[in-house]
Amino acid sequence: MSLLDRIGNTPLREIPYPKSDKVRVFAKLEWCNPSGSVKDRAAANMIQDALEKGQLEGKTLIDATSGNTGIAYAMLGASLGIPIELALPENASKERQLILRNYGAKIHLTSAMEATDGSQRFVEQLVNENPDKYFYPDQYNNPNNWGVHVKTTGPEIWRQTDEKITHFIAGLGTTGTFVGTSRYLQPKGVTCISVQPNTPMHGLEGWKHMETAIVPGIYDNTIADSTMTADTEQAFRLAKAASKYLGLMLSPSAAANLSVAFDLADQIGSGTIVTTFADNGMKYLQDAFWTNDDYNISNPFI
Ligand SMILES: Cc1ncc(COP(=O)(O)O)c(C=O)c1O
């Protein structure tokens, strides 16, 4: 079995929702992908498409990423013999930077103040100046990003819930996960709800606050049946509780998805909600939220 064949088919885990037995909440454990995040799906699909079109011959792959897509590119590049260069905000967690270097990728750090938008601008300039050197998959504008979720994530969720899913809810980064998975599930009658941070400055690494960020070209704001917002502090509290009571170490974005899935569960009388855990918390342990709190947190799962 090749590395590419090991991507996807991640487990669907039920998260105990204690307030009603008519609502069930499930999460796709995307950290079970080979490089540890949902981004293996998009990176592999974008690279495969470029290989088929001969766009990578003699080229270095470069992209802007808050980390996970970069880690996926770096893992696949190491395995397929493709040189990888990545731009990421200088405040991206140390662990992420070390993982990228471990796979042999070259890193360009950009201003923390400009977040991933700054990384994107940096890459665009470098590619314009060196068009023969680089292949730029541009995950924010590449249809193979969301396309892979139509082909894989959506059908997996449909199958794993025995076609019982009623609500799909997920946060927006490049928007690939939400857009692609919804394009598969929505025609089957599933209500699709997108989530954004509730403030422009937030701790939900990998997510965008659309009103104040560069909106990805692949984003289709007509898809969501409704939208919800996530609060960073509430997400981190839930992350601690999930570590303590469920043995699930959630990343900030995974915790935010779960937090809003629970908010949605409070609103609907019955149904089956599915969300995604893009990655786990291992790369975020230096974040202050994880160390400055006491761990006498009550159990929200019983
Ligand atoms: C940790 C994390 N969560 C969520 C997302 C959002 O996924 P998508 O880019 O498919 O919208 C990302 C994307 O970079 C991410 O890194």
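Because the structure is a prediction, the values reported are computed rather than measured.

Calculation notes
- Residues numbered from 1 in each chain as written.
- Predicted model: local features only at pLDDT ≥ 70, side-chain atom pairs only at ≥ 80, totals over all residues.
- Heavy atoms only, no water.
- Salt bridge = Lys/Arg side-chain N within 4 Å of Asp/Glu carboxyl O.
- Helix = DSSP H or I, 4+ residues; strand = E, 2+ residues; numbered from the N terminus.
- Buried < 20%, exposed > 50% of the residue type's maximum accessible area, 1.4 Å probe, protein only.
- Near = heavy atom within 4 Å.
- Polar contact = N/O pair within 3.5 Å; in protein donor to acceptor, adjacent residues only side chain to side chain.
- Areas by Shrake-Rupley, 256 points an atom, 1.4 Å probe, with all protein chains shown as cover.
- Pairing = 2+ DSSP bridges.
- Contact = heavy atoms within 4.5 Å.
- Axes fitted to C-alpha atoms, helices over the stretch in contact; angles between N-to-C directions.

Caption draft 1: View of the pattern of salt bridges. Under the criterion given, the structure shown has 13 salt bridges. Here Lys19 and Asp266 are joined by a salt bridge, their closest N and O atoms 3.2 Å apart. In this pair, Lys19 is assigned in the loop between β1 (12-15) and β2 (23-29) and Asp266 in helix α8 (residues 252-267), connecting sequence segments 247 residues apart. Owing to a relative accessible area of 62%, Lys19 belongs among the exposed residues under this scheme.

Caption draft 2: Region of interest: the site of the ligand. Among the 16 residues in the neighbourhood of the ligand, the closest are listed as Lys39, Gly173, Thr174, Thr177 and Ser253. Thr174 is positioned with one of its side-chain polar atoms (N or O) 2.6 Å from an oxygen atom of the ligand. In this structure, Thr177 approaches the ligand through a side-chain N or O atom, which is 2.5 Å from an oxygen atom. Burial of the ligand by the protein chains amounts to 96% of its free accessible area of 380 Å².

Caption draft 3: Quick look at the side chain of Asn280. Considering the arrangement of structural elements, one finds Asn280 in the segment after β10 (271-277). Residue Asn280 is classed as buried on the basis of its relative accessible area of 18%. Among the polar contacts listed, one links the side chain of Asn280 to the backbone nitrogen of Met282, at a separation of 3.1 Å.

Caption draft 4: Region of the structure containing the sheet that holds strand β5 (residues 106-110). Spatial strand order, β5-β4-β3-β6: 4 strands in an open sheet with parallel pairing. The sheet is open, and its two borders are formed by β5 and β6 (134-135), each paired with just one other strand. Direction of pairing for strand β3 (residues 60-64) relative to strand β4 (residues 84-89): parallel, over a ladder of 4 bridges. Bridge pairing in β4 links Asp63 to Leu86. Seen against the sheet, helix α2 (residues 68-80) touches β3 and β4 and runs at an angle of roughly 165 degrees to β4. Along the sheet, helix α3 (residues 94-102) makes contact with β4 and β5, crossing β5 at roughly 150 degrees.

Caption draft 5: Spatial organisation of unusual backbone geometry. A positive phi is found at Ala115, a non-glycine position, where the angle reads about 50 degrees. In this fold, Ala115 is placed in helix α4 (residues 115-129). By relative accessible area, which is 37% here, Ala115 ends up partly exposed. One non-glycine residue, Glu163, lies in positive phi territory at about 65 degrees. As for its position among the elements, Glu163 is in the loop between α5 (143-160) and β7 (167-171).

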